[in-house]
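So you can see what is in the structure, the chains are spelled out below.
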Amino acid sequence: MLELALTHRSFAYESGGIPPNERLEFLGDSVLGLIITQELYSKFPELDESRLSPLRSGVVNTKALAVIARQLSLGDYLRIGKGEESSGGRDKNSILADSLEALVGAIYLEHGIDGATRKVLEWFGPLIDSANAQGAGIDAKTALQEFAAEKGLTAPEYEIEESGPDHDKSFTAVAVLSGERFGFGSGKSKREAEQVSAKLALESLNARTS
């Protein structure tokens, strides 16, 4: 089962059509989604669906799964074809994420939902806590505004500067709370720059609070 979970379709094709991990990936995707959804539902009873849904998306996505896979050194154990090997397939986000889902599917079949839940929460628990602390369930500006209200700070305002020609402008933003400036953010629009600034400011304030 483990060998199947680690078999990418490129290897399966080059090996004469042996089964790839795609069915396990299909199963693991649903199992992972259920476990994370149940954990968020239980852990954050104060959040409604509009907050839980984007929070789940912040935890269960290709980039996040690839991060977990790298922590497990999953890429070292993948069975991939020569073409994928030569193009760096062992470290591609999509391949790592799909393989992690396949691994979850294998664990579920071998050890049931309880075994899969224990392992998934062992891997994803810190990510869930981090995502919630950084406001992944809402956009960064809203998260920063709620943080400021909770901590008795003034509502955040943003100092905006723009540069570049009209057809290719860039914007920078700095969040200001209670007279203190946080988070130098940049982007191709004011909103993007403000969101980056808000995220950086929130990380800085969370670190200070901790």
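Read on for an overview of the structure. Bear in mind that the values here come from a model prediction, so they are computed numbers and not experimental data.

Section: the overall build of the protein chain
On a plain count of helices and strands, the protein chain comes out with 9 helices and 3 strands. Its helices and strands in sequence order give the protein chain the pattern α-α-α-α-α-α-α-α-β-β-β-α, from N to C terminus. Against the compact-globule benchmark of 17 Å for 210 residues, the protein chain has a radius of gyration of 21 Å, which places it well outside the compact range. In terms of overall dimensions, the protein chain has a C-alpha envelope of 65 × 45 × 25 Å along the principal axes. Within the protein chain, the proportion of its 210 residues that are buried is 38%. Here the analysis covers contacts within the protein chain between residues at least 6 apart in sequence; of these, 53% occur between residues at least 24 apart. Of the roughly 11800 Å² of accessible surface on the protein chain, 51% is carried by carbon and sulfur atoms.

As for the side chain of glutamine 195
In this fold, glutamine 195 is placed in helix α9 (residues 190-209). Relative accessible area serves as the criterion here: at 15%, glutamine 195 is assigned to the buried category. A distance of 3.3 Å separates a polar atom in the side chain of glutamine 195 from the backbone nitrogen of lysine 141.

Some details on the nonpolar core
With 31 residues, the main nonpolar core has Ile36, Leu100, Trp123 and Phe124 as its most contacted residues. A per-element tally of this core places helix α7 (residues 93-133) first, with 13 residues. Leave out the neighbours within four places in its chain, and isoleucine 36 touches Arg56, Val59, Val60, Val120, Phe124 and Ile128.

Examining the environment of proline 156
Tracing the backbone through its elements, the reader meets proline 156 in the loop between α8 (140-151) and β1 (157-163). The class of proline 156 is buried, set by a relative accessible area of 15%. In this structure the C-alpha to C-alpha distance between proline 156 and lysine 141, which are 15 residues apart in sequence, comes to 8.4 Å. Apart from residues no more than four positions distant in its own chain, proline 156 is found in contact with Leu144, Gln145, Ala148, Val176 and Leu177.

Section: helix α5 (residues 62-71)
All of the buried residues along α5 are Ala64, Leu65, Ala66, Ile68 and Ala69. Near the N-terminus of α5, the side chain that reaches the backbone nitrogen of lysine 63, with its oxygen 3.1 Å away, is that of asparagine 61. Note on α5: the residue one or two positions beyond its end, serine 73, has a positive phi of about 55°.

Description of helix α3 (residues 22-43)
Helix length check: α3 (22 residues) gives 31 Å between terminal C-alpha atoms against 32 Å at 1.5 Å per residue, within 8%. Taken residue by residue, α3 has Leu24, Glu25, Gly28, Val31, Leu32, Gly33, Ile35, Ile36 and Leu40 as its buried positions.

Procedures and definitions
Here, residues in each chain are numbered from 1, in the same order as that chain's written sequence. Side-chain atom pairs in this predicted model are given and counted only at pLDDT of 80 or more, local residue features only at pLDDT of at least 70, and totals for whole chains, interfaces and linings cover all residues. For side-chain calculations, the full set of non-hydrogen atoms in the structure is used, while hydrogens and water are omitted. Only DSSP runs of H or I with at least four residues qualify as helices, and only runs of E with at least two residues qualify as strands; both kinds are numbered from the N terminus onward. What the globule rule says is 2.2 Å times the number of residues to the power 0.38, and the radius of gyration is computed from C-alpha atoms. Think of it in three bands: residues with accessible area under 20% of the maximum for their type are buried, residues over 50% are exposed, and the middle band is partly exposed, with areas taken using a 1.4 Å probe on protein chains only. Contact between two residues is taken to exist if any of their heavy atoms lie within 4.5 Å; hydrogens are not considered. Reported accessibility uses the Shrake-Rupley method at a 1.4 Å probe radius. Residues are deemed covered only where the shown protein chains occlude them. In protein, a polar contact requires one atom able to donate a hydrogen and another able to accept it; more generally it is a pair of N or O atoms within 3.5 Å, and residues adjacent in sequence count only if both atoms are side-chain atoms. By nonpolar core we mean a set of buried residues, namely Ala, Val, Leu, Ile, Met, Phe, Trp, Tyr and Cys, connected to one another through side-chain atoms within 4.5 Å. Multiply 1.5 Å by the residue count of a helix minus one, and that product is the helix's expected span.

Geometry only, nothing functional implied.
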